[in-house]
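Inside the fold
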Amino acid sequence: MVLFKSLNNEISYGSLLKLIASIIFFMDYFPVNFERGKSISIIGGVNVLDDIDEAIEIGMEFKKSCRKNKISYVFKASFDKANRSSLDSYRGPGLKKGLEMLKVIKNILKVPILTDIHEIYQASEAAKVCDMLQLPAFLARQTDLIQALANTGKTINIKKPQFISPDQIKFI
């Protein structure tokens, strides 16, 4: 499978995984710690869940590279990409099937799992499977959604939107 073409050079899926592995540097690894002053951790996986075997394969490559370099690793995949530019775009398997897939991936990879949350009701359900919850940038000012994420007791990753300055992000 060819993922990218650049100047008539094709980059295959396997080559891309090797490229990702080759650019990872030495850092701390497990347990994952996102506190200020701690080393960087890698969050990586697939944009949106589709083929579970492919997601596991990508996760295994990340895990192998991170373990080799003593880097903590969190697998990330979305069960629903609600921020599509077209109504016809693939959004993912949905909450129920997506969480089932993430549970299988977590059991196989034995790493923390992160997923995006778009609606209040999704937070508590996703928290049953996932170790971390992520708020997409375009939802960063949704107070009720942020409160629902906080109420789960899980670590939250709020993506910084372009319309919020670095000085303003602390107020979210």
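Before going into details, it helps to say that this report is about the structure given with it. (Residues numbered from 1 in each chain as written. Predicted model: local features only at pLDDT ≥ 70, side-chain atom pairs only at ≥ 80, totals over all residues. Heavy atoms only, no water.)

**Structural notes on a nonpolar patch on the surface**
Among the surface-exposed residues, M60, V104 and I108 lie close enough to one another that they form a single nonpolar patch of about 230 Å² accessible area. Position of V104 among the secondary structure elements: in helix α3 (residues 95–109). The exposure class of V104 is partly exposed, given its relative accessible area of 38%. (Patch = residues over 30% accessible without salt bridge, like charges linked within 9 Å, V, L, I, M, F, W, Y side chains within 5 Å. Areas by Shrake-Rupley, 256 points an atom, 1.4 Å probe, with all protein chains shown as cover. Salt bridge = Lys/Arg side-chain N within 4 Å of Asp/Glu carboxyl O. Helix = DSSP H or I, 4+ residues; strand = E, 2+ residues; numbered from the N terminus. Buried < 20%, exposed > 50% of the residue type's maximum accessible area, 1.4 Å probe, protein only.)

**Structural notes on the sheet that holds strand β5 (residues 113–116)**
Pairing within the open sheet is parallel, and its five strands lie in the order β3-β4-β5-β6-β7. Each edge of the open sheet carries a strand with a single partner, namely β3 (42–48) and β7 (155–158). Averaged over all pairs of adjacent strands, the angle between strand axes in this sheet comes to 25°, irrespective of strand direction. In the sheet, β3 pairs with strand β4 (residues 73–78) via five bridges, with the strands oriented parallel. Considered in β4, the bridge of G44 is made with F75. (Pairing = 2+ DSSP bridges. Axes fitted to C-alpha atoms, helices over the stretch in contact; angles between N-to-C directions.)

**Structural notes on the pattern of salt bridges**
Taken as a whole, this structure holds six salt bridges when the rule is applied. Among the salt bridges present, the one from K106 reaches D131, with a minimum N-O distance of 3.1 Å. Placement of the pair is K106 in helix α3 and D131 in the loop between α4 (120–127) and β6 (132–135), with a sequence separation of 25 residues. Put simply, K128 and E125 hold a salt bridge, and the shortest N to O gap is 3.1 Å. The class of K128 is exposed, set by a relative accessible area of 63%. The exposure class assigned to E125 is partly exposed, which follows from its relative accessible area of 33%.

**Things to note about α4**
Taken together, the buried positions of α4 are Q122, A123, A126 and A127. Take α4 and look down its axis: the buried residues cluster within an arc of 120°, on one side only. Buried positions along α4 lie against α3, β5, β6 and α5 (143–151). (Arc of directions from axis to C-beta. Contact = heavy atoms within 4.5 Å.)

**So, the pairing of β5**
Alternating positions in β5 separate into two faces, I113 and T115 on one and L114 and D116 on the other, with burial throughout. In the sheet, β4 pairs with β5 via two bridges, with the strands oriented parallel. Across the sheet, F75 pairs through a bridge with I113, a residue of β5. Where β5 meets β6, three bridges bridge the pair, whose relative direction is parallel. The partner of D116 across the bridge, within β6, is Q134.

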